[in-house]
Amino acid sequence: MKLVLLGAPGAGKGTQAKRIAENYNIPHISTGDIFRENIKNNTELGQKAKAYMDQGLLVPDELVLELIMERFKAPDCKNGYVLDGFPRTIPQAKALDEALEKNNDRIEYAINVDVDDDVIINRMSGRRACLNCGRTYHVKTLRPKVEDTCDYCNSKLVLRDDDKPETVKKRLDVYHKQTQPLLDYYNEKGILHNVDGTGEIDRIYNDIINILKA
Ligand code: AMP
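One structure accompanies this document, and this report is about it. (Residues numbered from 1 in each chain as written. Predicted model: local features only at pLDDT ≥ 70, side-chain atom pairs only at ≥ 80, totals over all residues. Heavy atoms only, no water.)

## Digging into the side chain of D163
Among the structural elements, D163 can be located in the loop between β7 (157–158) and α7 (165–179). Overall, D163 belongs to the buried group, its relative accessible area being 0%. At 3.3 Å, the side chain of D163 forms a polar contact with the side chain of R171. Among all residues touching D163, those that are not within four sequence positions of it are M124, S125, R127, V168 and R171. (Helix = DSSP H or I, 4+ residues; strand = E, 2+ residues; numbered from the N terminus. Buried < 20%, exposed > 50% of the residue type's maximum accessible area, 1.4 Å probe, protein only. Polar contact = N/O pair within 3.5 Å; in protein donor to acceptor, adjacent residues only side chain to side chain. Contact = heavy atoms within 4.5 Å.)

## Section: the layout of surface pockets
Taken as a whole, the second largest pocket encloses approximately 430 Å³ of empty space. Lining the second largest pocket are 20 residues, and of these R36, E37, I39, L131 and R160 lie nearest its centre. The set of elements that each furnish at least two residues to the lining of the second largest pocket consists of α2 (31–40), α3 (44–53) and β5 (127–130). With 6 residues, α2 is the single largest residue contributor to the lining of the second largest pocket. Residue composition of the lining of the second largest pocket, by class: 9 nonpolar, 2 polar and 9 charged. (1 Å grid on protein atoms, 1.4 Å probe; cavity = no way out; pocket = protein on both sides within 12 Å on 5 of 7 lines; lining within 4 Å. Points joined across faces, edges and corners; volume = space filled by probe spheres on them. Nonpolar A, V, L, I, M, F, W, Y, C, P; charged D, E, K, R; others polar.)

## Some details on the packing of aromatic side chains
Going through the model one piece at a time under the given rule, you end up with 2 aromatic pairs. Centroid distance F72 to Y81: 4.6 Å. Interplanar angle 15 degrees. Geometry classified as stacked. Accessibility classification places F72 together with Y81 in one group, the buried group. Look at Y185 and Y186: their rings are 5.1 Å apart centre to centre, the planes differ by 90 degrees, and that puts the pair in the edge-to-face class. Classification of Y186 by relative accessible area gives buried; the value is 0%. A cation over an aromatic ring shows up here: K2 above the ring of Y81, its NZ or CZ 5.6 Å from the ring centre. A cation over an aromatic ring shows up here: R135 above the ring of Y152, its NZ or CZ 3.6 Å from the ring centre. (Phe/Tyr/Trp six-rings, centres within 6.5 Å; stacked < 30°, edge-to-face > 60°. Lys NZ or Arg CZ within 6 Å of the ring centre and 35° of its normal.)

## Remarks on the site of the ligand
Taken together, 16 residues form the shell around the ligand, and within it T31, R36, L57, G85 and R171 come nearest. Separating a nitrogen atom of the ligand from a backbone N or O atom of V59 is a distance of 3.0 Å. Measuring from a nitrogen atom of the ligand, one finds a side-chain N or O atom of Q92 at 2.9 Å. About the coverage of the ligand: the protein hides 96% of its 480 Å² of free accessible area. At 4 residues, the largest contribution of residues to the shell around the ligand is made by α2. For the shell around the ligand, the class distribution of residues is 7 nonpolar, 4 polar and 5 charged. (Near = heavy atom within 4 Å. Areas by Shrake-Rupley, 256 points an atom, 1.4 Å probe, with all protein chains shown as cover.)

All we've got here are geometric facts, nothing functional implied.
Okay, here's the thing in structure tokens:
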């Protein structure tokens with residue numbers, strides 16, 4: 001199964017993508033996570049991406065596409081994947097479709113996790129991330145067992161630079177201009193499904209699973 005999770009930054013795509021990936025035994029591919037991993041390891045790609053990420057801007061399509069096409073070659077992608085944070089522009093979506101079409105393949109589901117901007121701004125200021133394993137928590141709604149510490153790898157949790165309020169506003173602006181047009185793109189293909197992304201994480205997850213089972 002190949003699916004794309006759409007939605008504004010902070011809509012909860014990552015949390016849902018991890019659960020879907022576990023349930024269907026397919027990889028969760030987050031371009032944001034891959035960039036953060038490269039920044040942590042101080043690679044050339046990481047250095048290039050960081051300059052854009054810190055300003056809340058999108059990394060140029062060429063860089064993203066190079067990275068994702070390489071990722072698709074890994075053997076774990078043969079039964080599908082959950083894409084989280086990719087595609088984020090129309091050229092990225094078209095490049096993805098073209099790459100899949102070459103193998104007579106396609107994206108089956110585009111799921112839009114729908115959350116209003118004001119809710120996102122509130123959520124992101126409370127988000128805490130583990131820079132080691134990429135898991136995210138929230139000071140009110142998804143607390144770690146031990147304060148400021150990752151449940152999985154015991155690393156310290158931090159407020160990511162790109163989750164700071166002024167950067168979040170910029171990212172939302174970029175989302176509306178560059179990523180939201182993908183909703184029409186996938187709607188026209190007849191594979192767009194909207195899920196209310198506010199409320200309980202379990203309910204949102206069940207709504208998604210019901211779409212995938214239908
Ligand atoms: P995320 O964790 O998905 O919100 O991504 C964090 C940041 O990484 C974004 O604000 C962008 O700067 C960059 N990024 C991640 N995925 C993409 C993408 N598909 N296209 C361009 N930039 C991306």
